[in-house]
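Okay, here's what each chain looks like letter by letter:
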Amino acid sequence: MRPKSIQRFDIFYLGALALGLVSTAIGWNATMERMQADPATAAIATPVMLGSVIVGFGISLLLWFFTSRMRSNIARWIVVIFFVIGVISLLFTLLNGAYPGGVTGILSILSTALQAAAVVMLFKPDAVAWFKGQPTGPAETPFE
């Protein structure tokens, strides 16, 4: 049995991932137009975008699986590192005035907030004990 904090991590992390996919879908045409406007990237725009989305989504799902299902402390810290990199990237984007407006921008902020909540869940006392293989409740043994 996984502790409540890990169950909440699942909800927040997968919710952030879903919002990210929705945001990508909404901004797809605008991104493709920018890539196709540059002769250097015009021919490879679609495969690069599809590949980026598939690889990014795949890595995120693997990190979720190893963190939430396999109790991997390494995956937990990779999730944290990716989150910190994302926040730094968001700050630079805001400072450079390149942050997207409208629905895409709102979804991005919501996704970041959900990621933050997910990361916080990974460090709640019951989650820390669970990652260490310790019981997290009266009905749980270290091997559940």
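These lines cover the structure that appears in this document, whether it is placed above or below. (Residues numbered from 1 in each chain as written. Predicted model: local features only at pLDDT ≥ 70, side-chain atom pairs only at ≥ 80, totals over all residues. Heavy atoms only, no water.)

Quick word on a nonpolar patch on the surface
Now for step 1: Judged by side-chain polarity, V55, I59, I81, F82 and I85 come together as a nonpolar surface patch covering roughly 460 Å² of accessible area.
Now for step 2: When contributions to the nonpolar patch are tallied by element, the ones reaching two or more residues are helix 2 (45-69) and helix 3 (73-95).
Now for step 3: Per-element tally for the nonpolar patch: the top contributor is helix 3, with 3 residues.
Now for step 4: You can call I85 partly exposed: its relative accessible area is 49%. (Patch = residues over 30% accessible without salt bridge, like charges linked within 9 Å, V, L, I, M, F, W, Y side chains within 5 Å. Areas by Shrake-Rupley, 256 points an atom, 1.4 Å probe, with all protein chains shown as cover. Salt bridge = Lys/Arg side-chain N within 4 Å of Asp/Glu carboxyl O. Helix = DSSP H or I, 4+ residues; strand = E, 2+ residues; numbered from the N terminus. Buried < 20%, exposed > 50% of the residue type's maximum accessible area, 1.4 Å probe, protein only.)

Here's the deal with the nonpolar core
Now for step 1: Counting 16 residues, the largest nonpolar core has I6, F9, Y13, V79 and L122 as its most contacted members.
Now for step 2: Among the elements that line this core, the one with the most residues is helix 3, at 4 residues.
Now for step 3: In this structure, I6 is in contact with S68, L122, A127, W130 and F131, ignoring residues within four places of it in sequence. (Core = buried A, V, L, I, M, F, W, Y, C linked by side-chain atoms within 4.5 Å. Contact = heavy atoms within 4.5 Å.)

Focus on the packing of aromatic side chains
Now for step 1: Using the criterion set out here, one finds 4 aromatic pairs in the structure.
Now for step 2: Ring geometry for W130 versus F131: centroids 5.1 Å apart, planes at 70°, classification edge-to-face. No difference in accessibility class separates W130 from F131, as the two residues are buried.
Now for step 3: Note that R76 overlies the ring of F131, its terminal NZ or CZ placed 4.5 Å from the centroid. (Phe/Tyr/Trp six-rings, centres within 6.5 Å; stacked < 30°, edge-to-face > 60°. Lys NZ or Arg CZ within 6 Å of the ring centre and 35° of its normal.)

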